[in-house]
Amino acid sequence: MKMKFINSYFKLAENNTTVKTEFLAGLTTFISMSYILFVNPSVLGASGMDTGAVFAATALASALGTAIMGIVANYPIGEAPALGINAFFAYTVCVGMHVKWQTALAAVFVASFIFILITMFKLREKIIDAIPADLKFAISSGIGLFIAFLGLQNGKLIVANKSTLVGLGSLHDPLVWITIFGLLVTIILMILNIPGAIFIGMVLAAIFGVVTGQIALPNKIISTVPSLAPTFGQAVFHLKDINTLQMWVVVLTFLLVTFFDTAGTLIGLAQQAGFMKDNKMPRVGRALASDSSAMMVGSILGTSPVGAFVESSAGIAVGGRTGLTAVFVAIFFLISMIFSPLLGLFTSQVTAPALIIVGVLMAQNTAHIHWEKLEIAVPSFLILLGMPLTYSISDGLSLGLITYPICMIAAKRRKEISPMMWILFFVFLIFLWVLNY
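Because the structure is predicted, anything quoted here is derived from the model rather than measured.

J.: Would you mind going over the overall build of the protein with me for this structure?
T.: Within the protein, the regular secondary structure consists of 19 helices and four strands. Over its C-alpha atoms the protein spans a radius of gyration of 21 Å, differing by no more than 12% from the 22 Å that the globule rule assigns to 437 residues. Seen through its C-alpha atoms, the protein measures out along the principal axes to roughly 60 × 60 × 45 Å. In the protein, which comprises 437 residues, the share counted as buried stands at 56%. Here the protein displays about 18,700 Å² of accessible surface, and carbon together with sulfur accounts for 69% of that area. Here the protein holds 23 positive side-chain charges and 17 negative ones, and the gap between their average locations is 5 Å.

This is the structure we're talking about:
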């Protein structure tokens, strides 16, 4: 009876799949994206957040978000705190703008609430459609460059230099070799199409660190789930802090960046799995609702915005076609919560290769930008270069969205500038003014 219900609910036969196939796909997707369990606490820890609490929040938010995606939208897509936006949370908002992490979580909560509203009224698709495709590709690629720059810095391959701002790190530092080893291993595994290459690369880098005496072994492997007390509910308790123009710009940036990241990921995965019909994604409303709900839950638990994970493509590649794959991924995330003692093994040098590789994958979108058209190339290039060099996703975004209308007018393509792009033009002018103020 249970098997019959599962087959009927997830439409396994219609999608030419089985429970066994969906299980293997779920395991593959989980292994491929499980690195976020250790990378997210490392990134958000820079904001002053308790890494144990972030580990638990990451696992729980990923499990809940993925389960919603599977049960409500019936898609084999995993959800977790997205790389890039978590870097914006920690390094731009908390470190750069000196905003308390509790207030930053409140900003994520407000952004998720707006997310849900605009999804209900189907405004999300209209806003996304208003952004030129070239700039969307530039945004995702720019985030990739920023993530890779963080990885190179965390791995000490790139360090501060008084003469040139940045320079190559010292190869005499044994910690650098953990990053180099992990990066080379991960690259080889990725090229060989080994499922879970990023996670395996991290594990081998951690082992390398232990063997060379640079990383201490934990006293135990399994323990009780870390307490969520340090982060749980802080987003709601600090809603009163969203009371300045600067914080509303932060809310808008969380909203916009999550927009582009998750929408592009959903469409790309749907195309890979063959779900797209007449250039439209079936049940897109449910998928977007799952996405925004997961983001709100994540903010309450204590993590940066949750969104669709591109690593879901690994599970799709081995046959995952329904929400049952996502349900299995969610179960694996719940099980993973007892392995928090392993956090100490995954130092910033161990997780650095994951950031660099994800940056490589995201930067591939530059191939879709029309570089031969200068009015497109200039704003796209400013977004790409602006994000890593200003150490801010929002600053890079503003450089491109402000110059885009100017370039289009110069190219006598004024009529192609949508009203929404003019709105964003003025929004980001105000954004830069607020930051400088």
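J.: Please explain the pairing of strand β2 (residues 158–161) as it appears in this structure.
T.: Regular strands have side chains that alternate between both faces of the sheet. For β2 and strand β3 (residues 165–168), the ladder comprises four bridges, and the chain directions are antiparallel. Opposite Ile158, over in β3, you have Leu168 as the bridge partner. Linking two consecutive strands that pair antiparallel, namely β2 and β3, is a turn of three residues.

J.: Explain the packing of aromatic side chains here, please?
T.: Each aromatic ring pair is characterised by the separation of its centres together with the angle its planes make. Counted under the stated rule, the structure contains 13 aromatic pairs. With a centroid separation of 6.3 Å and 45 degrees between ring planes, the pair formed by Tyr35 and Phe309 is classed as tilted. Within this pair, whereas Tyr35 is found in the loop between α2 (19–33) and α3 (36–44), its partner Phe309 is found in the loop between β4 (306–308) and α14 (312–317), the two being separated by 274 residues in sequence. Overall, the relative accessible area of 1% leaves Tyr35 in the buried class.

J.: Is there a simple way to explain the pattern of salt bridges in this structure?
T.: Note on pairing: side chains with opposite charge can pair once their charged atoms come close. Tallied over the full model, the rule gives three salt bridges. Here Asp173 and Lys156 are joined by a salt bridge, their closest N and O atoms 3.8 Å apart. Of this pair, Asp173 sits in the loop between β3 and α9 (174–191) while Lys156 sits in the loop between α8 (133–154) and β2; the two residues are 17 residues apart in sequence, bridging distant segments of the chain. Looking at Asp173, the relative accessible area reads 22%, which means it is partly exposed. Two residues, Arg413 and Glu416, come together in a salt bridge whose shortest N-O distance is 2.7 Å. Taking relative accessible area as the criterion, Arg413 reaches 19% and is therefore assigned buried.

J.: Hey, could you run me through the nonpolar core in this one?
T.: Side chains of a nonpolar character, in soluble globular proteins, are inclined to be buried together. Of all hydrophobic cores here, the largest spans 113 residues; its most connected members are Tyr35, Phe89, Met202 and Phe254. It is helix α6 (residues 101–120) that contributes the most residues to this core, 11 residues altogether. Excluding anything up to four places from it in sequence, Phe254 contacts Ile85, Phe88, Phe89, Val93, Ala104, Ala107, Val108, Ala111 and Pro305. Leu269, Ala273, Ala287 and Ala308 belong to the second-largest nonpolar core, a separate cluster that totals 14 residues.

J.: Would you explain helix α10 (residues 197–211) in this entry?
T.: The α-helix advances 3.6 residues per turn, and as a result positions three or four apart in sequence lie on the same side. Taking 1.5 Å per residue, 15 residues should reach 21 Å; α10 reaches 21 Å between its end C-alpha atoms and fits that length. Inspection of α10 places Ala197, Ile198, Gly201, Met202, Ala205, Ala206 and Gly209 among the buried residues, and these make up the whole buried set. At the exit of α10 stands Gly213, carrying a positive phi of roughly 80 degrees.

J.: How should I be thinking about the side chain of Ser312 in this particular structure?
T.: Structurally, the position occupied by Ser312 is in helix α14. A polar contact is formed between the side chain of Ser312 and the backbone nitrogen of Gly78, at a distance of 2.8 Å. A distance of 2.8 Å separates a polar side-chain atom of Ser312 from the backbone oxygen of Phe309. The contact partners of Ser312, leaving out residues within four places of it in the chain, are Thr29, Pro76, Ile77, Gly78 and Leu269.

J.: Explain the packing of helix α5 (residues 85–96) against α6 to me, please; I cannot follow it from the model alone.
T.: Helices that pack against each other are described as a pair by the angle of their axes relative to one another and the distance between those axes. α6 packs onto α5 with a crossing angle of 120 degrees between their chain directions and a minimal axis gap of 10 Å. With respect to their mutual orientation, α5 and α6 come out oblique. Classified by chirality, the crossing of α6 by α5 is right-handed. Counted together, Phe89, Val93 and Cys94 of α5 and Trp101, Ala104, Leu105 and Val108 of α6 form the full contact between these two elements. When the residues that make up the contact of α5 with α6 are grouped by side-chain class, the tally is seven nonpolar, no polar and no charged.

J.: Sorry if this is basic, but what is going on with α3 here?
T.: In terms of burial, α3 is a largely internal element, eight of the nine residues being buried. Within the span of α3, buried status applies to Ile36, Leu37, Phe38, Val39, Asn40, Pro41, Val43 and Leu44.

Thresholds applied
- Residues numbered from 1 in each chain as written.
- Predicted model: local features only at pLDDT ≥ 70, side-chain atom pairs only at ≥ 80, totals over all residues.
- Heavy atoms only, no water.
- Helix = DSSP H or I, 4+ residues; strand = E, 2+ residues; numbered from the N terminus.
- Rg over C-alpha atoms; globule rule 2.2 N^0.38 Å.
- Buried < 20%, exposed > 50% of the residue type's maximum accessible area, 1.4 Å probe, protein only.
- Areas by Shrake-Rupley, 256 points an atom, 1.4 Å probe, with all protein chains shown as cover.
- Lys, Arg positive; Asp, Glu negative; His and termini not counted.
- Charge placed at Lys NZ, Arg CZ, Asp CG, Glu CD.
- Pairing = 2+ DSSP bridges.
- Phe/Tyr/Trp six-rings, centres within 6.5 Å; stacked < 30°, edge-to-face > 60°.
- Salt bridge = Lys/Arg side-chain N within 4 Å of Asp/Glu carboxyl O.
- Core = buried A, V, L, I, M, F, W, Y, C linked by side-chain atoms within 4.5 Å.
- Contact = heavy atoms within 4.5 Å.
- Expected span 1.5 Å × (residues − 1).
- Polar contact = N/O pair within 3.5 Å; in protein donor to acceptor, adjacent residues only side chain to side chain.
- Axes fitted to C-alpha atoms, helices over the stretch in contact; angles between N-to-C directions.
- Parallel < 35°, antiparallel > 145°, perpendicular 65-115°, else oblique.
- Left-handed = near helix turned anticlockwise from the far one by under 90°.
- Nonpolar A, V, L, I, M, F, W, Y, C, P; charged D, E, K, R; others polar.

Treat this as a map of the structure, not an account of what it does.
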